[in-house]
Amino acid sequence: DTAVSQTPKYLVTQMGNDKSIKCEQNLGHDTMYWYKQDSKKFLKIMFSYNNKELIINETVPNRFSPKSPDKAHLNLHINSLELGDSAVYFCASSQVAKRGGSGANVLTFGAGSRLTVL
Amino acid sequence: SQQGEEDPQALSIQEGENATMNCSYKTSINNLQWYRQNSGRGLVHLILIRSNEREKHSGRLRVTLDTSKKSSSLLITASRAADTASYFCATVLGGSNYKLTFGKGTLLTVNP
């Protein structure tokens, strides 16, 4: 029973197309994330939602639009795909720690979605 | 911006040997986490150490934290071929507990 599941696992598409990646978590977590991992394995946070509210929006082109219909789902839609968008996109979730508290934010990751733009 | 930097970038050892990876960070932290990523898979949380702790153990893993030097190390003892993976340290950047940032990782190869 996968805790954080992403679909599709692989996505090959042409430049200029629009594509979506879906993510679902069954852990009951409040917060979900999208991270992008490039070919050098550098992992960069893109977005985060807490209870369907956008709380982190890094410097990401506005071709990327996340959507969280409920706290168990976070989807990523990408318009007008470019070669540089090729990467592995990871969804993650966590039970958010209290602000200002000593609680830690431990993430559970999905298996990743490898996007290849030709 | 990047918070954690792992060192070395790659490490190759024989089965049974110990592996040590280091992480340096820039700003003060509440805690530091280590994650493992097997090839083609997502990251898996290994261990967390809080800023008021100096050392923590979990099975064959030993993590140390030196807040004065802003550095942490992960030691894997008696390594196995199955430990072959990339290891990342992660910290919270800018005081937001939500924004966990990762270093570039250390690729550990354990040869049978």
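Scroll up to find the structure.
What counts, and at which threshold
- For every chain, the first residue of the written sequence is number 1, and numbering continues from 1 along that sequence.
- Key to labels: chains lettered from A, ligands numbered from 1, both in the order written.
- Per-residue local features are limited, in this predicted model, to residues with pLDDT of at least 70; the limit for side-chain atom pairs, both in listing and counting, is 80 or more; totals at the level of whole chains, interfaces and linings are taken over all residues.
- Calculation of side-chain values draws on the structure's entire complement of heavy atoms; hydrogens and water are dropped beforehand.
- Residues count as neighbours in contact if any of their non-hydrogen atoms are within 4.5 Å of one another.
- Buried area adds together the accessible area that both of two parts lose upon being put together, with accessible area traced by a 1.4 Å probe.
- The salt bridge definition used is simple: a Lys or Arg side-chain nitrogen within 4 Å of an Asp or Glu carboxyl oxygen.
- N or O atoms within 3.5 Å of each other form a polar contact, as long as, within protein, one can give a hydrogen and the other can take it, and as long as residues adjacent in sequence are counted only when both atoms are side-chain atoms.
- Each helix is a run of DSSP H or I of at least 4 residues and each strand a run of E of at least 2, with the numbering of both proceeding from the N terminus.
- Residue exposure (1.4 Å probe, protein chains only): buried if accessible area is under 20% of the type maximum, exposed if over 50%, otherwise partly exposed.

(A) Representation of the interface of chain A and chain B in the model. Each partner contributes to the interface: chain A provides 28 residues, whereas chain B provides 21 residues. Roughly 2,100 Å² is buried in total at the junction of chain A and chain B, and carbon and sulfur atoms are behind 55% of that figure. It is A:K41, A:F42 and A:N105 that lose the most area in chain A upon contact with chain B, and together they represent 23% of the buried surface on that side. Scanning the region where chain A abuts chain B turns up one salt bridge. Its salt-bridge partner being A:E58, residue B:K99 comes within 3.0 Å of it at the nearest N-O pair. On inspection of chain A and its partner chain B, the count reaches six residue pairs in polar contact (both at pLDDT 80 or more). Mapped onto the side of chain A that touches chain B, the elements with two or more residues apiece are β4 (31-37), β5 (43-50) and β6 (53-57) of chain A. In terms of residues, the side of chain A that touches chain B owes the most to one element, β4(A), which gives four residues.

(B) Quick peek at unusual backbone geometry. Look at the link from A:T7 to A:P8: it is a cis peptide, with omega at -5°. Relative to the helices and strands, A:P8 resides in the loop between β1 (4-7) and β2 (10-13). Put simply, B:D7 and B:P8 share a cis peptide bond, and its omega is 0°. With respect to the secondary-structure elements, B:P8 resides in the loop between β1 (5-7) and β2 (10-14). The backbone phi angle of A:K52 is positive, close to 75°, even though this residue is not glycine. Among the secondary structure elements, A:K52 is positioned in the loop between β5 and β6. The exposure class of A:K52 is partly exposed, given its relative accessible area of 48%. One non-glycine residue, B:A78, lies in positive phi territory at about 45°.

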